[in-house]
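Spelled out, the chains give:
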Amino acid sequence: NIPNWNYFLECGYFHDSLNGFAGGQWGILWKTTNSGQTWISINSIQPYTLNDMYWINASTGFVAGGSGRIHKTTDSGITWQTQIHSSQRDNIKISFINSTTGFIATATYPAYTPLILKTTNSGDNWTSYNLSVRIDLKDIQFINDNTGFVIGGAYPYYYNALLLKTTNSGENWFNLSPGTVNGLMSMQFLSDSIGFVVGAGGTILYTTNGGITFVNQTTTNIPSGYSISQNYPNPFNPITNIKFDIPKQMLVKITIYDILGKEISILANEEMNAGSYSVDWDASNFPSGVYFYKITAGDFSESRKMVLLK
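Please read all numbers here as calculations on a predicted model, not as lab measurements.

Conventions adopted
Residues numbered from 1 in each chain as written. Predicted model: local features only at pLDDT ≥ 70, side-chain atom pairs only at ≥ 80, totals over all residues. Heavy atoms only, no water. Helix = DSSP H or I, 4+ residues; strand = E, 2+ residues; numbered from the N terminus. Buried < 20%, exposed > 50% of the residue type's maximum accessible area, 1.4 Å probe, protein only. Contact = heavy atoms within 4.5 Å. Areas by Shrake-Rupley, 256 points an atom, 1.4 Å probe, with all protein chains shown as cover. Lys, Arg positive; Asp, Glu negative; His and termini not counted. Charge placed at Lys NZ, Arg CZ, Asp CG, Glu CD. Salt bridge = Lys/Arg side-chain N within 4 Å of Asp/Glu carboxyl O. Phe/Tyr/Trp six-rings, centres within 6.5 Å; stacked < 30°, edge-to-face > 60°. Core = buried A, V, L, I, M, F, W, Y, C linked by side-chain atoms within 4.5 Å. Pairing = 2+ DSSP bridges. Axes fitted to C-alpha atoms, helices over the stretch in contact; angles between N-to-C directions.

**Q** Where do I start with the overall build of the protein in this structure?
**A** Secondary structure summary: the protein contains zero helices and 27 strands in total. When burial is assessed residue by residue, the protein has 49% of its 310 residues classed as buried. Considering only contacts in the protein between residues 6 or more positions apart, those separated by 24 or more positions represent 42%. Counting only carbon and sulfur atoms, one obtains 49% of the accessible surface of the protein, whose full area is about 14500 Å². Separation of charge centres in the protein, based on 17 positive and 20 negative side chains, amounts to 5 Å.

**Q** Whenever I open this one, the pattern of salt bridges confuses me. Can you help?
**A** Going through the model one piece at a time under the given rule, you end up with three salt bridges. For the salt bridge of Glu171 with Lys118, the shortest nitrogen-to-oxygen distance reads 3.3 Å. With Glu171 in the loop between β15 (159–166) and β16 (174–175) and Lys118 in strand β11 (residues 113–119), the pair connects residues that are 53 residues apart, well separated along the chain. Put simply, Glu302 and Arg304 hold a salt bridge, and the shortest N to O gap is 3.6 Å.

**Q** Whenever I open this one, the packing of aromatic side chains confuses me. Can you help?
**A** Given two aromatic rings, one states the distance between the centres and the angle between the planes to describe the pair. Applying the stated rule across the entire model yields 17 aromatic pairs. Seen from their ring centres, Phe14 and Trp39 are 6.2 Å apart, and the 85° between their planes marks the pair as edge-to-face. Taken together, the residues span a long stretch of sequence, with Phe14 in strand β1 (residues 9–14) and Trp39 in the loop between β3 (28–32) and β4 (40–44) at a distance of 25 residues. Judged by its relative accessible area of 15%, Trp39 is buried. Among the aromatic residues, ring-to-ring pairing joins Tyr13, Tyr54, Phe62 and Phe96 into one connected group.

**Q** Explain the nonpolar core to me, please; I cannot follow it from the model alone.
**A** Across soluble globular proteins, nonpolar side chains have a tendency to be buried as a group. Phe244, Ile246, Val252, Ile254, Met272, Trp281 and Ile295 are the most contacted members of the largest nonpolar core, which has 25 residues in total. Among the secondary structure elements, those contributing two or more residues to this core are β22 (239–246), β23 (250–257), β24 (263–272), β25 (275–282), β26 (289–297) and β27 (300–308). Beyond its immediate chain neighbours, meaning those up to four positions away, Ile246 contacts Pro223, Tyr226, Val252, Asn273, Ala274, Gly275, Tyr277, Ile295 and Ala297. In terms of nonpolar packing, the next biggest core, distinct from the first, is built from 15 residues, Ile116, Leu131, Ile135 and Trp173 among them.

**Q** How do you make sense of the sheet that holds β3 when you look at a structure like this?
**A** Two orientations exist for strands paired in a sheet by backbone hydrogen bonds: parallel and antiparallel. Spatial ordering of the open sheet is given by β1-β2-β3-β4, a layout of four strands whose pairing is antiparallel. Every interior strand has two partners, whereas the edge strands, β1 and β4, have only one. Neighbour-to-neighbour, the strand axes of the sheet open up by a mean angle of 25°, direction not taken into account. Bridge analysis of β3 against β4 gives four bridges, and the strand direction is antiparallel. The residue of β4 that forms the bridge with Trp30 is Ser41.

**Q** I tried to follow the environment of Ile266 on my own but got confused; where do I start?
**A** One can find Ile266 in strand β24. With relative accessibility at 30%, the residue Ile266 sits in the partly exposed group. Each C-alpha atom of the pair Ile266 and Tyr293 lies 9.4 Å from the other, and the pair is 27 residues apart in sequence. Those residues in contact with Ile266 that sit more than four places away from it in its chain are Asn209, Thr213, Lys253, Ile254 and Thr255.

**Q** I keep staring at the pairing of strand β2 (residues 20–24) and nothing clicks. Help me out?
**A** Two faces belong to every sheet, and in a regular strand the side chains alternate between them. In terms of burial, β2 is a largely internal element, five of the five residues being buried. Going residue by residue along β2, you find Gly20, Ala22 and Gly24 tucked away on one face and Phe21 and Gly23 tucked away on the opposite face as well. Across five bridges, β1 lies against β2 in antiparallel orientation. Looking across to β2, one finds that Gly12 is bridged to Ala22. Bridge analysis of β2 against β3 gives four bridges, and the strand direction is antiparallel. For Phe21, the partnering residue across the bridge sits in β3 and is Lys31. Hairpin remark: β2 followed by β3, antiparallel, with three residues in the connecting loop; positive phi at Trp26, about 65°.

In C-alpha cells, the structure reads:
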C-alpha cells in the first residue's frame, strides 16, 4: 500500500521486475524500486488527474491526463515537460512500439470525436489522425511495429462498440466487428495472436488469430447440449453473426467453406469452456454466393448454409 494516500490511483507501469511508477488523483506520482514493497512520492503534476503512463526506461517516461495534457520526463520524474495541452478530454491512453514511436488515443469534448496522435521522435512532435465517428476511445495497444488496435464506445460507454485495427503503424485504421454492441473499455494482447478485450455488460472478447476474428462468450450458463444456430442476418452483406453452445470444456473449431467445399476461413480453433458463444464473419473480401459454416467439438459436428449477397 502507498502510505497516507486516500485518493484514487488510476494508472501504473513497471518497466522491469523492480522499478515501477503509479499515479492518479491530483497528479501525484509514486515510485518503487523494490517490486512495490515500498513507495515514495517523487513529484506532483497538480491539479490534473493522471489516467495513463508509459515508461521507455527508468529515466524516460510519459504521463497523461487533465484536459489533454501529456508530460514527458527524462530524469525519472524529477522534472516534467508538457508536450501537449489542448481541449481534449481527460481520458487519454498511451502505447509505444519502441523508444521513439508511440501513440495516444483520446476524444475531443463535447463532440466525442476520436483522435489518434503519433510520434516518431519520443514525443517531441505529434501528428494527429482524426476518425470519422462519434466515439470515445478507451484504449490503444500495438502488438508489433505495424499492427495495433483501438477500442471504445459511445458515451456512457455501454453501447456502440468500436474496434479498430491498423496494419501500417497507424497510418490507416479499419473497422473490425467485435460481435457485441457493448462499449469496449480495456484490452491486453499476450502475443501477436492472442488477445483479450473487456467491456460493458460483462463483455469478454478474445482472439487467437491476431484480431482477424473475436469470439464473445455471451453466457457461462452450461447448455444442455451442443448446437450451432443459423447465422443472422442471412442473406448478409458483408458481416454475419454465428452463435453456438458448448456443454463442456473442449477444443472447438468453427470453419467457413465455399460452395466447392474449400476451406476459406477459420473463425475459432481453441479450447473453450462450457457456455454460449458468438462470432462474426466478415466476408468483405469474398464474392457473393453460397457458403457453409461448420462447428467441430469433440465427436460433435454440424454444418449450415448461408448466402452472401453484395
